[in-house]
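Chain by chain, the residues run as shown.
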Amino acid sequence: KTKTKGIFVTDNEWNEFKNRQTKITITKNNIIQTKTEYLEYDNYNNPKRVVTYKGNSIFQTKTINYSNRPQHINKNLINLVDVITTTDANGNSNSVSNEYTEKGKIYKKYKGSDASRILLETFAYDDNGRVKTIKIPNTINSELVTEFNYSEPCFFQNFSNLFF
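Residues numbered from 1 in each chain as written. Predicted model: local features only at pLDDT ≥ 70, side-chain atom pairs only at ≥ 80, totals over all residues. Heavy atoms only, no water.

## What to know about the overall build of the protein
For the record, the criterion: In DSSP terms, a helix is any run of H or I states spanning at least four residues, a strand is any run of E spanning at least two, and both are numbered starting from the N terminus. Relative accessible area decides the class of each residue, using a 1.4 Å probe on protein chains only: under 20% of the type maximum gives buried, over 50% gives exposed, and in between gives partly exposed. It only takes one pair of heavy atoms within 4.5 Å for two residues to be counted as in contact. Computed with the Shrake-Rupley method and a 1.4 Å probe, the accessible areas treat only the protein chains shown as cover for residues.
On a plain count of helices and strands, the protein comes out with 0 helices and 14 strands. Going from N to C terminus, the protein has its helices and strands arranged as β-β-β-β-β-β-β-β-β-β-β-β-β-β. The buried share of the protein, taken over its 164 residues, is 23%. Taking contacts inside the protein between residues at least 6 apart in sequence as the whole, the part at least 24 apart equals 11%. Just so you have it, the protein exposes about 12500 Å², and 49% of that area is on carbon and sulfur atoms.

This is the structure in structure tokens:
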């Protein structure tokens with residue numbers, strides 16, 4: 001499927017037989033800006049290896065590892081991402097790993113994996129499943145805490161009070 005927005009053209013290619021996206025190409029003035037190819041999928045149709053090109057050169061490769069057991073969350077079968085490893089064109093790699101709550105929400109996010117991982121963020125959620133706090137450790141042995149407050153939906157009983 002091709003979409004044009006201004007001078008950018010986006011082409012999406014699908015393997016209809018397996019219902020998998022295989023490629024996204026963004027061009028500008030007939031020159032490839034970026035191209036993303038989905039090279040490998042697991043048994044649940046989740047992408048496992050994704051390569052992104054800038055022009056004709058590999059920009060980065062992502063390897064995605066999912067938890068061994070899918071979980072039912074809100075009546076949907078979800079495969080949770082355990083580790084995403086990104087490798088750039090120079091061979092430098094970076095991994096991010098996650099821990100999840102029993103409801104499938106990210107609880108902790110780490111840089112690296114296994115014993116060498118470093119805590120990046122801790123998430124807490126309210127009773128409605130919305131992010132309540134994000135805690136980020138810093139170098140002074142304290143943490144930066146971002147709190148989210150949500151207003152409840154408001155329904156007006158009498159609209160005439162709004163206009164005078």
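And the narrative resumes.
## A look at the pairing of strand E6 (residues 57–66)
Which entries qualify depends on this criterion: Pairing between strands is defined by DSSP: at least two bridges between them are needed.
Alignment of strand E5 (residues 47–54) against E6, held across 6 bridges, turns out to be antiparallel. Its bridge partner lying in E6, valine 50 is registered against lysine 62. In this antiparallel pair of consecutive strands, E5 and E6, the connection spans 2 residues, and glycine 55 shows a positive phi of 65°. With 7 bridges joining them, E6 and strand E9 (residues 81–88) adopt antiparallel strand pairing. Looking at E9, one finds that asparagine 65 is bridged to valine 83.

## As for the packing of aromatic side chains
Put simply, the test is: Under the pairing criterion, centres of Phe, Tyr and Trp rings, with the six-membered ring standing for Trp, must be within 6.5 Å; the plane angle then separates stacked pairs below 30 degrees from edge-to-face pairs above 60, leaving the rest tilted. In this analysis the charged atom, NZ for Lys or CZ for Arg, is taken to sit over a ring once it is within 6 Å of the ring centre and within 35 degrees of the ring normal.
Inspection of every chain in the model, using the stated rule, returns 0 aromatic pairs. Geometry around tyrosine 53 places lysine 35 over its ring, the cationic atom sitting 4.9 Å from the centre. The lysine or arginine in question, lysine 54, covers the ring of phenylalanine 59, its NZ or CZ lying 4.5 Å from the ring centre.

## Thoughts on the pairing of E5
Where strand E4 (residues 31–41) lies against E5, 7 bridges are found, and the strand directions are antiparallel. Within E5, the residue paired with threonine 36 across the bridge is threonine 52. Connecting E4 to the next strand, E5, in antiparallel fashion are 5 residues, including asparagine 45 with a positive phi near 70°.

## Concerning the environment of tyrosine 100
Convention followed: As used in this structure description, the phrase polar contact means that two N or O atoms lie within 3.5 Å; if the pair is within protein, one of them must be able to donate a hydrogen and the other to accept it, and residues adjacent in sequence are counted only when both atoms belong to side chains.
Considering the arrangement of structural elements, one finds tyrosine 100 in strand E10 (residues 93–100). When the C-alpha positions of tyrosine 100 and aspartate 82 are compared, they lie 9.1 Å apart, and in sequence the two are 18 residues distant. Tyrosine 100 has contacts with Leu80, Val81, Lys105, Ile106 and Tyr107, leaving out every residue within four places of it along the chain. For tyrosine 100, the side chain forms a polar contact with the side chain of asparagine 98, separated by 3.3 Å.

## Focus on the confidence of the model for the protein
What counts is decided by this rule: A residue's pLDDT is the confidence the predictor assigns to it, expressed on a 0 to 100 scale.
Residues with a pLDDT of 70 or more make up 77% of the protein, whose mean pLDDT is 77. In this model, residues 159–164 is a region of pLDDT below 50 whose contacts with residues beyond four sequence positions or in other chains number 1 contact.

## Considerations on the side chain of glutamate 37
Along the polypeptide, glutamate 37 turns up in strand E4. Here the side chain of glutamate 37 touches tyrosine 53 through a polar contact of 3.1 Å, side chain to side chain. The contact partners of glutamate 37, leaving out residues within four places of it in the chain, are Thr22, Lys23, Arg49, Val50, Val51 and Tyr53.

## Here's the deal with the environment of threonine 36
Mapped onto the secondary structure, threonine 36 falls in strand E4. Sequence spacing of threonine 36 and threonine 25 is 11 residues, and the spatial spacing of their C-alpha atoms is 6.4 Å. The contact partners of threonine 36, leaving out residues within four places of it in the chain, are Thr22, Lys23, Ile24, Val50, Val51 and Thr52.

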